[in-house]
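An overview of the molecular structure
Given next are the chains, with one letter for each unit.
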Amino acid sequence: MVENVRLYLERVAEYLPRMLESLGETGIMLFFAMLAAILLGIPVGTLLYLTSSGRPMEHRLLNRILNAFVNIIRSFPFLLLVVAMQPFIREVYGRATGDPVAASFPMVVIAIALYARFVEQSLNDIPREIIETAQSMGATTWQLVWKFLYVEARSSLIVGFTTAAISFVSYSTIMGVVGGGGIGDFAIRYGYQRYETDIMYTAIVLIILLVELFQWLGLKLAKRLDKR
Amino acid sequence: MIEFNSVSKTFQEITNTFPALSDISFAIQKGEAFGVVGESGAGKSTLLRLINALEKPTSGSVDVEGITLSTLENKQLRPLKKRISMVFQQFNLLNNKTVAENVRLPLEIHSHSVHLTVDEALNFVGLEDKKDQYPSQLSGGQKQRVGIARALVTRPDILLCDEPTSALDQSTAEEIVQVLKEAHKAFNMTIVVVTHDLPVVKALCQRVAVLEKGELKTILDVNPSTEPAENKPYHERAIEVLSNG
Ligand SMILES: Nc1ncnc2c1ncn2[C@@H]1O[C@H](COP(=O)(O)OP(=O)(O)O)[C@@H](O)[C@H]1O
Ligand SMILES: [Mg+2]
């Protein structure tokens with residue numbers, strides 16, 4: 001037993017540098033996905049909300065276009081999205097395979113669409129009275145968004161972000177198909193292709209821990225900011 | 001002065017058997033405390049919301065200080081809304097902002113050359129010790145005081161109150177009426193109070209319009225109550241209400 005544990009630890013130590021490298025690649029993909037979710041997912045989700053019928057910036061055409069974008073991306077099987085984006089990535093980035101930055105492009109696209117929907121839902125949950133209060137004060141749409149909507153929706157925005165980020169982890173695990181690397185790719189290569197089952201399970205446990213960490217951090221922050 | 005000229009308002013819904021407001025004409029004088037009473041669904045809120053252009057009339061016009069609201073774009077309405085405050089039945093406070101942040105909010109929406117400080121407004125409603133609390137930590141009456149402080153902080157020319165006491169028990173309601181009454185005295189503004197609760201307008205208003213099914217039935221001058229009910233303890237009022245008549 002002790003001997004087995006010692007053997008296992010030795011193997012982990014042997015694979016550790018490669019595992020850490022894979023975690024780093026996952027980190028790069030998650031970083032770009034989260035950044036896109038925040039910088040573009042939030043505005044898209046806010047526009048989805050504001051332009052829908054009965055809302056302060058009602059605009060049927062824009063709302064249709066944004067909805068179509070979000071729906072198409074989200075209903076696209078992710079692996080197909082990855083493949084379909086290859087020519088585009090090669091065009092703008094120079095290469096489409098073999099590094100985690102190239103692999104981040106489809107992650108960014110799915111991140112925007114996924115989080116935009118969460119943002120829209122969070123804003124939909126804000127009581128009508130709050131919007132009416134802003135309008136009675138003569139608030140501009142910009143003020144409504146920043147001083148009312150985001151304030152009241154902040155913890156549900158964070159819960160949604162946590163859920164989205166956990167999906168990003170899952171999406172990132174298949175980026176190995178285009179040589180994007182990452183801890184998921186590591187698990188597949190060592191476990192599935194080389195039958196190093198112990199190393200595969202170690203990688204899977206790392207992925208689970210990463211998800212648990214996101215969940216824990218997200219809920220903690222959401223709870224701290226929720227004063228309802 | 002607030003003027004309604006043959007104002008009608010119809011909502012595009014199949015279920016409505018009568019217009020929310022039909023052919024309403026009357027005027028509210030500057031500095032007046034004016035009440036609007038009527039049963040639920042009579043059109044009171046709609047009438048109030050026409051004054052700060054949250055609703056637009058289907059026909060007729062609403063003029064505030066000589067300006068016909070329906071001729072203005074949203075952007076042009078902002079300077080007007082800056083001088084009109086509103087107090088709501090459900091208080092409409094932001095739950096994620098502290099009391100002080102809630103009261104400060106209108107000052108962040110427009111810049112005001114003359115206004116109360118947040119502390120002055122909170123002092124006026126007697127909540128200076130609650131400024132760092134969140135609304136969820138307050139009672140209903142305290143929440144409405146915050147709502148009133150938020151309305152007063154801009155020193156409005158017009159204060160609109162939609163059922164300001166209807167979510168409160170009777171003695172708290174009477175306290176809120178007193179706060180509004182003092183505000184009217186102290187700040188020299190026009191107050192329009194909409195409610196189904198007759199004692200509220202009796203205590204607070206000089207004139208009262210009676211609405212029924214969207215029609216203006218009459219406008220009454222109010223005889224001020226001789227005995228302020230709010231001084232009596234709850235059990236005495238209970239005896240009075242339950243045993244008499
Ligand atoms: N936004 C709206 N859409 C459709 N009908 C409305 C709307 N607002 C009010 N109404 C209708 O107009 C009538 C008057 O409503 P309201 O002004 O809220 O009355 P009150 O405040 O006296 O209870 C009611 O029949 C109500 O259903
Ligand atoms: Mg009403």
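Along each chain, residue indices are assigned from 1 in the same order as the chain's sequence is written. Starting at A for chains and at 1 for ligands, labels are handed out in the order in which the entities are written. In keeping with the model being predicted, local features are shown solely for residues with a pLDDT of at least 70 and side-chain atom pairs are shown and tallied solely at 80 or more, while totals for entire chains, interfaces and linings include all residues. As a rule here, side-chain values come from all non-hydrogen atoms in the structure, and water together with hydrogens is ignored.

1. Observations regarding the UniProt feature "transmembrane region" (unreviewed entry) in chain A
UniProt positions are given in the numbering used here, feature names are shortened, and annotations may be inferred rather than shown by experiment. UniProt records the feature "transmembrane region" (unreviewed entry) at residues 28–50, 71–89, 101–119, 157–179 and 199–219 of chain A, using the numbering of this structure. End C-alpha atoms of residues 71–89 of chain A are separated by 21 Å, and the span's content is 84% helix alongside 0% strand. Secondary structure elements follow DSSP: runs of H or I no shorter than four residues count as helices, runs of E no shorter than two count as strands, and numbering proceeds from the N terminus.

2. Remarks on the UniProt feature "domain: ABC transmembrane type-1" (unreviewed entry) in chain A
Residues given the UniProt feature "domain: ABC transmembrane type-1" (unreviewed entry) here are residues 23–218 of chain A. End C-alpha atoms of residues 23–218 of chain A are separated by 20 Å, and the span's content is 81% helix alongside 0% strand.

3. Focus on the interface of chain A and chain B
Working rule for contacts: check all heavy atoms of both residues, and any pair within 4.5 Å makes them a contact. Between chain A and chain B, the contact holds 20 residues from the first and 22 residues from the second. Buried area counts how much accessible surface, traced with a 1.4 Å probe, disappears from two parts once they are put together, with both parts' losses summed. Summed over both partners, the interface of chain A with chain B comes to about 1,900 Å²; 56% of that surface belongs to carbon and sulfur atoms. Broken down residue by residue, the surface that chain A buries against chain B is led by A:Ser136, A:Met137 and A:Lys227, which jointly contribute 31%. A carboxyl oxygen of Asp or Glu within 4 Å of a side-chain nitrogen of Lys or Arg is what we treat as a salt bridge. Summed over the shared surface of chain A and chain B, the number is 2 salt bridges. Residue A:Glu132 is joined to B:Arg49 by a salt bridge in which the shortest nitrogen-to-oxygen separation is 2.7 Å. Polar contact is defined as a pair of N or O atoms within 3.5 Å, subject to the rule that within protein one atom must be able to donate a hydrogen and the other to accept it, and that residues adjacent in sequence are counted only when both atoms are side-chain atoms. Inspection of the region where chain A meets chain B yields 15 residue pairs in polar contact (both at pLDDT 80 or more). Of all elements in the fold, only α6 (128–136) and α7 (141–172) of chain A reach the threshold of two or more residues within the side of chain A that touches chain B.

4. Points about the nonpolar core
Counting residues in hydrophobic clusters, the biggest one holds 63 residues, and the most contacted among them are A:Phe148, A:Leu149 and A:Phe168. Looking at this core, the elements that each hand over two or more residues are α1 (2–51), α3 (78–84), α5 (100–124), α6, α7, α8 (183–193) and α9 (197–225) of chain A together with α3 (99–109) of chain B. Tallying contributions element by element places α7(A) first for this core, with 14 residues. Once residues within four sequence positions are removed from consideration, A:Phe168 is found in contact with A:Leu30, A:Ala33, A:Met34, A:Ala37, A:Met107, A:Ala111 and A:Leu114. Definition of nonpolar core: a set of buried residues of the types Ala, Val, Leu, Ile, Met, Phe, Trp, Tyr and Cys, connected through side-chain atoms within 4.5 Å. Think of it in three bands: with a 1.4 Å probe and only protein chains considered, a residue is buried below 20% of the maximum accessible area for its type, exposed above 50%, and partly exposed in between. Ranked by size, the runner-up nonpolar core spans 39 residues in total, among them B:Val99, B:Val103, B:Met189 and B:Ile191.

5. Here we look at the sheet that holds strand β6 (residues 84–87) of chain B
All names here are of chain B. Read across the open sheet, the 6 strands follow the order β6-β7-β8-β3-β9-β10; overall the sheet is mixed. Two strands lie at the open edges of the sheet, namely β6 and β10 (215–221), each paired on one side alone. The average undirected angle you get between the axes of adjacent strands in this sheet is 20°. As defined by bridge partners, strand β9 (residues 207–212) adjoins β10 across 6 bridges and the pair is classed as antiparallel. For Ala209, the partnering residue across the bridge sits in β10 and is Ile219. The convention used is that axes are lines fitted to C-alpha atoms, helices contributing only their stretch in contact, and that angles between N-to-C directions extend from 0 to 180 degrees. The sheet contacts of helix α5 (residues 140–152) involve β6 and β7 (158–162), and relative to β6 the element is tilted by about 175°. Strands qualify as paired when DSSP identifies two bridges or more between them.

6. Some remarks on the pattern of salt bridges
This structure, assessed with the given rule, holds 22 salt bridges over all chains. Close ionic contact of A:Arg128 with A:Glu132 constitutes a salt bridge, the shortest N to O distance being 3.1 Å. Placement of both A:Arg128 and A:Glu132 in helix α6 is noted, with a separation of 4 residues, approximately one turn of the helix. In this structure A:Glu132 comes out as buried when scored by relative accessible area, which is 15%. The salt bridge involving B:Glu108 is made with A:Lys147; its shortest N-O contact spans 3.2 Å.

7. Some words on a nonpolar patch on the surface
Excluding any residue in a salt bridge, patches collect residues exceeding 30% relative accessible area, merging like charges within 9 Å and nonpolar Val, Leu, Ile, Met, Phe, Trp and Tyr side chains within 5 Å. Here, Shrake-Rupley sampling with a 1.4 Å probe gives the accessible areas, and only protein chains in the shown set may cover a residue. A cluster of nonpolar side chains, namely A:Met1, A:Val2, A:Val5, A:Tyr8 and A:Leu9, defines an oily patch on the protein surface of about 540 Å² accessible area. Residue position: A:Leu9 is located in helix α1.

8. Structural notes on the site of ligand 1
Residues and elements named next belong to chain B. The nearness test applies per residue and asks whether one of its heavy atoms lies within 4 Å of the molecule or strand. Around ligand 1 lies a shell of 12 residues, among which Gly41, Gly43, Lys44, Ser45 and Thr46 are the nearest. Residue Ala42 places a main-chain N or O atom 3.2 Å away from an oxygen atom belonging to ligand 1. Interatomic distance of 2.7 Å between a side-chain N/O atom of Ser45 and an oxygen atom of ligand 1. Here ligand 1, which alone exposes 560 Å², has 69% of that area covered by the protein. Residues that form the shell around ligand 1 fall into these classes: 3 nonpolar, 6 polar and 3 charged. Residue type decides the class: Asp, Glu, Lys and Arg count as charged, Ala, Val, Leu, Ile, Met, Phe, Trp, Tyr, Cys and Pro as nonpolar, and the leftover types, Gly among them, as polar.

9. Considering the packing of α1(A) against α8(A)
All names here are of chain A. Two numbers describe how α1 lies on α8: the axes approach to 7 Å, and their chain directions differ by 140°. Classified by the angle their axes make, α1 and α8 are oblique. Taken together, the residues of α8 that come into contact with α1 (itself represented by Tyr15, Arg18, Met19, Ser22, Leu23 and Thr26) are Ile183, Phe186, Arg189 and Tyr190. Across the contact of α1 with α8, the residue classes tally to 6 nonpolar, 2 polar and 2 charged. Comment on the angle field: the value is read as roughly parallel under 35 degrees, roughly antiparallel over 145, roughly perpendicular from 65 to 115, and oblique elsewhere.

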